Structures are given as structure tokens and as C-alpha cells.
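Now for the letters of each chain:
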Amino acid sequence: MLVAAIMALVVVASLLFHFLSPWRPTQIASNWGFIDDTLALTFIVTSIGFVAVVLFMSYCLYRFRHQPGRRSTYEPENRRLELLLGGITTVAVILLLAPGLSVWGRFITPPEGAMEVEAVGAQWSWSFRLPGADKHFGSTDVRFIDTANALGVNPADPRGRDDLIVANGELHLPEGQPIKVLLRSIDVLHDFYVPELRAKMDLVPGMETYFWFTPTKTGQFEILCVAYCGIGHPQMRGTLFIDSDSDYRKWLAAQKTFAQTRKAEAF
Amino acid sequence: MTDVSIEDDGVPSQEVEDVELYHATSWLTKYVFSQDAKVIAIQYACTAIAIGLVALVLSWLIRLQLAFPGAIPFIDANVYYQAVTMHGMIMVVYMLTAIFLGGFGNYLIPLMIGARDMVFPFVNMLSYWVYLLATLILAASYFVPGGPSGAGWTLYPPQAILTGTPGHEWGIILMLASLILFIVGFTMGGLNYVVTVLQARTRGMTLMRMPLTVWGIFTAAVMALLAFPGLFVACVMLLLDRTLGTSFFVPAIVEMGERRDYSGGSPILFQHLFWFFGHPEVYIVALPAFGMVSDLISVHARKNIFGYRMMVWAILAIGILSMVVWGHHMYVSGMNPLFGFFFAVTTLAIAVPTAMKVYNWVVTLWRADIHFTTPMLFALGFLITFVNGGITGLYLGNVIVDVPLSATLFVVAHFHMVMGIAPVLVIFGAIYHWYPKITGRMMDERLGKIHFWITFLGAYAVFFPMHYLGLVGVPRRFYEMGETAFVPHSAVGLNIFMTVMALIVGFSQLIFFYNAFKSLKHGALAGGNPWRAASLEWQTPETPPGHGNWGKQLPIVYRWPYGYSIPGAPDDFLPQNAPPQRGEHAT
Ligand code: HEM
Ligand SMILES: [Cu+2]
Ligand SMILES: [Cu+2]
């Protein structure tokens, strides 16, 4: 029967599309392979369900299509069958949840000694701040924001003087070092997204959010903002460079501290 | 099966008094300011379809821009974001919610439970007029300075009220005002649906003998009454932030280099309020669709719905659980990450009752007598798109898997499959199914089938591949992607393909409208019960049902609505109000 065949074909075509299409997740470049694994597991479990349900449906459509003299069987319920199906589904759901939650547990607990970097979003550009030699960020407040102090670093806070300010949207990080990214927005919601990292998080004005990752590949990656932040939203781009140690140190040495940017402005 | 309330004389006890009806005296009160639920239903449905067509055209603009960036001169970033926002908001609230509850709810509830009308007919009429006003205000935002809101249908502040957003002058104010009105109107309608189901059932129509359509609409109405207040207060507060400068949702910020006077507000609070409404909203649309599809499958497969009681409990379980999962839209919003555990568990828990419903629909087909009528085809199309979209919900609900996928086209593909295409297929199936009762004539089956295949296969072809662009990492709500290294060049071709399919699907709806209008006059006469269905709405003395639905005598119900192929019964269906047959076990 045509209907049954087409419905079965929809499943076959979907599976073919999955295996033949060139559109695959980007090459991962961080420690979050676990996320890819959970995704793969989810794909396997759910695809089995999809294929089973639709193929069974197609079979019924073929086998029990109307023919002269056919009458359906009156069967209001079947406790055992319902319990069985409910049980299988519950097991499948637990199979997905258990690994998912354990990976989420890791995702929200940055390792001790992770290097801290701050990413700041404003309509519609990225800036970054590194804690400088003292390994501590100076405090910030929107009250301090002006053209010479775009990130609102507190000029009176001594810990902020050596903070490195990166205003050109290009962030460099060393390979293999766990990074805790602190996220701050000075106007609307933004979201720090690098597809190759897998991890992402919103930047929320009025508070500080975070996520962490360990870069595992040197190279150059695009930073996008994926929280709709107004008309310039798609233009809010930055670049993440994962450097070897020596490259990173070279880059670091060329950066200006907060104190230096203030002095430059004073002239 | 269900409880037995047939007394000694075989007639269930009277549960409600027959009511005195309001009698319309003029053409105007009969057809325009009507208090008849059936007329109000048609008013609701026509308005929802009209505004839905606007949203459909907007989706073409969005798709054209994504496939041919910059090629169409009048689509700039402003127009694009306004189209995305209005498209999403109209589709979810003004089209789907209105047509399911205002349209099908009004038409089917009284007929299916054997009532003469809604219990508050005047309030029912008001609910429609307030809804119409809300819709007109929303549409009016296309004609104000700055145009309609381009803040995204989620309206997230602070962005929604700042100057870097299209429509921040007037559009957002009108959208908020319109939503506030919509909720006022909906509350009037919703109270009617709930009270009518609880109070106006005819003799013998116990709760466990109600068609699943009524169960779905009833549960959805209860949920909407609980969830919409969240959106209501969010809209009022946001409106105050925008117009009076309060700071419910806006902390101290600097906008384009300038300090704004806000301080102390919380943008995340808005998201909690919005999604406390927004997630149940998915089920406010889905539950009526679940109910209606159950009835379609049962009638056209000539088989009792399998596991009726499980279906009812599943509807209730889904309704209750869906009130505690809203945070799955906020996994990467910056809320306390520990909430991720709670919301992931509750979200995936909903998968169990939902899957049970799917199994029961499919098992209903087992050993059935399946007629491939147009309504049946649409029900089958629903099953596939719903299972497909439901499954990707497991990706997005499982917090860690959501992290890379959130805010990408994967999400857009998921929610269109599950709450865009699936419910729309049910709406079409339901229209083909109940059209003969509403008009007395059949729609053309051949045109209906052509309409089905183009819509179903076309929509599947639009949204199935879209998941894969999301997996690649293509973000949603991007006016243009630009040159981006991680997106393979082949994505351009895929985008064009999806757009062409979307255009075809959109234009193919003309077949449906042609069919619906032509059949009004020229359709084959339907008779009272062309599908030979067992539920009560097909047993009215007149078709279309007259004022008060039932003539002199309300029907008496003796059994559940799924009496198909009962062993020993002469026909392959036994209407709910047919007196008990000899040897029949009470159901
Ligand atoms: C032919 C049918 C449809 C097509 C081609 C279509 C297409 C689209 C596209 C391309 C987007 C924008 C994606 C982006 O964010 O970049 C979108 C957004 C959206 N659509 Fe549809 N859509 C259709 C029907 C529907 C239906 C029936 C619903 C009802 C649930 C719906 C609800 C939404 C929502 C809520 C959004 C999000 C708006 C936002 O991000 O603010 N769509 N649609
Ligand atoms: Cu942004
Ligand atoms: Cu949700």
C-alpha cells in the first residue's frame, strides 16, 4: 500500500540523510568530548525509538488497511503491554539522564587553579580582560564606564591596575590549560559561543556568569554571540586563538595593562 | 472499562438541569455579536487563520533572506527581525492557542459533552471580541513609527526595550498591550471551557466517558489559566520598565556609551516569568492536538482507542509535569546551574507519559480497519512529525546535550517539528473531519489528499535537514551568516532547498482554501454522521446543529465514545447515546 510505503520511506530517507549528509558537528577542540559522547548516545537511543515506532506504524497501515469485510478487534486495554512499554521507556530515559547529569556536574565545577579570563559583551563587540601579574581582577562597576574605561574597572582598586585589557575582540589562550571564563555584559544579554568548544553561556547584565573548558588544539576559532542582542546581533564576532605556550607568552607581553591604557588616554 | 452509572431502568441519573437559552433576535446578534458557542468558534477560527496567514507570509521573508542574503531589496535587518518576532508570536499565541481553544474548544466542548452551550455565553462572546481587539492592535504595529517589535518572540529585556532593537519606539509597547488584552480575553474563554466541562455534561456523560478531545482541551484550558498570569505580570512589568522607567528587569547598564537610569532589576526574573508561561504554552497547544488526533485515529481506523484510561492519566500527568520544567529553556541563561539537575529530570520525566500516548495511538492501529481518509492521513503525519520532534526534545531537555545545541537552528527545527508542524497537521485533519458537521457538506477528498502530501512531505523536508545546520553550529536569529569557516559551503545549497520547500508548502495551502470554500456550496451532502462515528457531536438531530444543539431533549449517554466494532453489535460502531444493547457489557 502506498501510504504505508511512503511512511516507511520517510524513516529510511531520514536515516540516509543522517549518514550521508556532509553537515556534521565541527571538529571538537576542547575537553568536552563527553558532551559529544552524550549526544551520540542520545542519537542511538532515540533513533531506535523513532525507527521502531514509525516502522511498526507502517506495518499496521499495510497489514490492517481497509478491505471488504474487515472488522477491527475490540481491545480497550492491555495492562501488561502498557506496563512493558512504559518500563522500556523509563529505562531509556534513565539511560540518557544518568550520564547527562554526571557530565553536567563536571561542566559546572571548574577545576582548582583554572586560569581566569573575563569576556565582556557590549552591543555589538567583544572585549576581554586578564587578571595580570597579581592573578586577581580589580573590581568593576558600570559607574566607571567611559570612553577611556570601556570595561568599567574601578580606578581606585589596586588589584585592577595590572589587569590586561583586550579591546580588539581577539582573545589568546594557551593550549592545554583549564580556563574559567567569567562573563559580564554591560548592556543586554549576550552569549559566548565557539562551536568547537561545545561549551557556552549567557552574559547577563547585573551579574557575573561563568563556564570552563580546556582547549586541546591550537588554532583560530570564531567567537559568536548567540543570545539575540538587537539589530547588530550577527555582527558581534570575535576571534579565539589557542596558542602554544611560547606564542601565548609573546602575545601576553604585547598587551596593555589598565594603568597603561589610562595613561595613554591622559595625553 | 469506565465506571458503570447505568441505573436499574438503564438511564443514568440526571446530572444537570436543562438550561434556559438566550435567544438571538436579529441577524446581528445571531451572526456577529453571537452568544452561540458554535458561531463564536467560527469567528475565533477565521480570525486565527487570517492572522496565521500573515505569519506564514512572514516566514517566507525569513526563509528568503536566509537562502538569498541581501538579494531582496526591502528585507533589511530591521524587517528581518520584525518578521521573525511577529511570525513567532503570532504563530504560537494568536494562531495556535486561539484556534485550538477558542475555535475547536468552543465548537466541540458543548457538542461532545451533550450541553446546549457554554455556561457563560455572554462572557464567551466577550472573550472573542477582546481577542479580536488584541489581534488588531498587534497587526496595527505594522503601521506605527518604527514598525512592529523586533525583540524576538521571547521579548527578553533589557534588549526588548532598548534603542538598538527594531520597533523599540512603538512596536514593543503595542505588542505588550496586545498580549495583556489577549490574556484578559483568554481568561474569559478559559473559565468557560473549564466550568462547562465540569458542570454542563449531560446525563450519563461521566468524566471517564468524555472523548479525549474534551480531555485535552479541558486540561489545556486549566493549564492556560495557571500559566498565562505569569506572562501577564511579565508584560505589565516590562511595559512599566519601558514607559515609566521602573527597573523590574533592568539592572544598571550602559547603552551605546551612555548610562541609563535603570538599576537593580533582574533580566533572569523576566525569563522565569516568561517560560513559566512559555513552556506550558507548548502543551496548551499540544494537549488539544493529542486529544483530537486520538479521536481522528479511532474513528478512521474503526477501532476503540487503545488504553483510554492511560491516555487520560497521561494527559493529566503531562499537564502537571509541564508546569515544573520551564527552566529547560534557561540552562545557559546564567541561572543557578544546580537548577539544571532538577529541570533535566522533570523534563525527561515527561517523555514517559508522552511516549505512552504515542504507543497507544500506534497500538490502536494494530488489528484495526484503517480507512485512508484525509483526516486519517493528517493524523498519521502528526504521528511522524510529533515523534520526530519529541525525540529531539530529549536532546534539548538533557541539560548537557542542550549546551552546544541551544540557540542554534537545531532548536528551531525541533520546535517547528513538534509544536509547529505537528499541531498544524492536526488542525487540518480536524477541519477535514468536522467540516461536515459544521457545514453539512463534505470536503473534496482528492484535493484533501494532495494538500496532505505536499504539506506533510514538504514541511518535513524543510525542518528535518535544519537540525543538521544546528549540529554544525549555525546560530538562530542571524540576519545573515556571513563567511564563517566552520559552516561548510554546501549549507548555502541546503538553505535554498529549505526555502523552496517552504514556499511550496505555503502556496499549497491555497488548495485547502479552495477546497474549503468550494465545498461550502458544492460539497457532497454529508448527512448527520458521514464517518459513522460514535461520539456525541455526530448524533445531533440537525446538521449543522441548530440553536441549543439538541432540540427538545438532551441526549443520554450510555457508554464511552470509542464504541467501534463491539463484538455482537450489528454495526461497526455504537453511538454513545444508543440505548444499551442486549448482552452489552456496560462501558
Ligand atoms: C511553513 C511554515 C513555517 C516556516 C517555513 C517557518 C520558518 C521559521 C524560520 C525560518 C524562523 C526563524 C529561525 C531563526 O531564528 O533564525 C522561524 C521562527 C519561529 N517560528 Fe516558524 N515557521 C513556520 C511555521 C511556524 C509555526 C506553525 C509555528 C508555531 C509554533 C512557528 C513558530 C516559530 C517561533 C516561535 C519562532 C521563533 C521566533 C523567534 O525566534 O523570536 N513557526 N520560523
Ligand atoms: Cu550579543
Ligand atoms: Cu519547554
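Higher on the page you've got the structure.
Worth saying up front: this structure is predicted, and the values here are computed from it rather than measured.

Trainee: Is there a simple way to explain the coordination of the copper ion (ligand 3) in this structure?
Mentor: Each angle at a metal carrying four tetrahedral donors should ideally be 109.5 degrees, and each at a metal carrying six octahedral donors should ideally be 90 or 180 degrees. All names here are of chain B. With distances of 1.5 to 1.9 Å, the protein atoms coordinating the copper ion (ligand 3) are H279 (ND1), H328 (NE2) and H329 (NE2). Each donor residue of the copper ion (ligand 3) lies on the same chain, and together they follow the pattern H-x48-H-H. When its relative accessible area of 31% is taken as the criterion, H329 is described as partly exposed.

Trainee: For this particular structure, what's the right way to read empty space enclosed by the protein?
Mentor: It is a probe the size of a water molecule, rolled over the atoms, that shows where empty space is left. Per the stated rule, a full pass over the model turns up three cavities of 30 Å³ or more. If you add up the space inside the largest cavity, you get close to 120 Å³. Around the largest cavity sit 14 residues that line it, and P25(A), R198(A), P404(B), L405(B) and L471(B) are the ones nearest its centre. Those elements giving two or more residues to the lining of the largest cavity turn out to be α2 (33–63) of chain A together with α11 (399–405) and α13 (445–472) of chain B. Split into classes, the residues belonging to the lining of the largest cavity amount to nine nonpolar, three polar and two charged. Here the second largest cavity is characterised by a volume of approximately 50 Å³. Together, Y44(B), T97(B), A98(B), L101(B), G102(B), Y131(B), F182(B), G185(B), F186(B) and Y193(B) line the second largest cavity. Those elements that provide at least two residues to the lining of the second largest cavity are α3 (77–113) and α5 (171–199) of chain B. The residue inventory of the lining of the second largest cavity, partitioned by class, reads seven nonpolar, three polar and no charged.

Trainee: Looking at this structure, how should I read the coordination of the iron atom of ligand 1?
Mentor: Residue and element names in this part refer to chain B. Here the iron atom of ligand 1 is held by the protein donor atoms H87 (NE2) and H416 (NE2), which lie 1.9 to 2.0 Å from it. Around the iron atom of ligand 1, the six donor atoms sit at angles spanning 88 to 179 degrees, and that spread fits a shape best called octahedral. With H87 in helix α3 and H416 in helix α12 (residues 409–439), this residue pair connects regions lying 329 residues apart in the sequence. The two residues H87 and H416 agree in class, both being buried.

Parameters at a glance
- Residues numbered from 1 in each chain as written.
- Chains lettered and ligands numbered in written order.
- Predicted model: local features only at pLDDT ≥ 70, side-chain atom pairs only at ≥ 80, totals over all residues.
- Heavy atoms only, no water.
- Donors = N, O, S within 2.8 Å, 3.2 Å for Na, K, Ca; no water.
- Buried < 20%, exposed > 50% of the residue type's maximum accessible area, 1.4 Å probe, protein only.
- 1 Å grid on protein atoms, 1.4 Å probe; cavity = no way out; pocket = protein on both sides within 12 Å on 5 of 7 lines; lining within 4 Å.
- Points joined across faces, edges and corners; volume = space filled by probe spheres on them.
- Helix = DSSP H or I, 4+ residues; strand = E, 2+ residues; numbered from the N terminus.
- Nonpolar A, V, L, I, M, F, W, Y, C, P; charged D, E, K, R; others polar.
- Tetrahedral: all angles 85-135°; square planar, octahedral: opposite > 155°, others 65-115°.

By themselves, these observations are geometric and do not establish any function.
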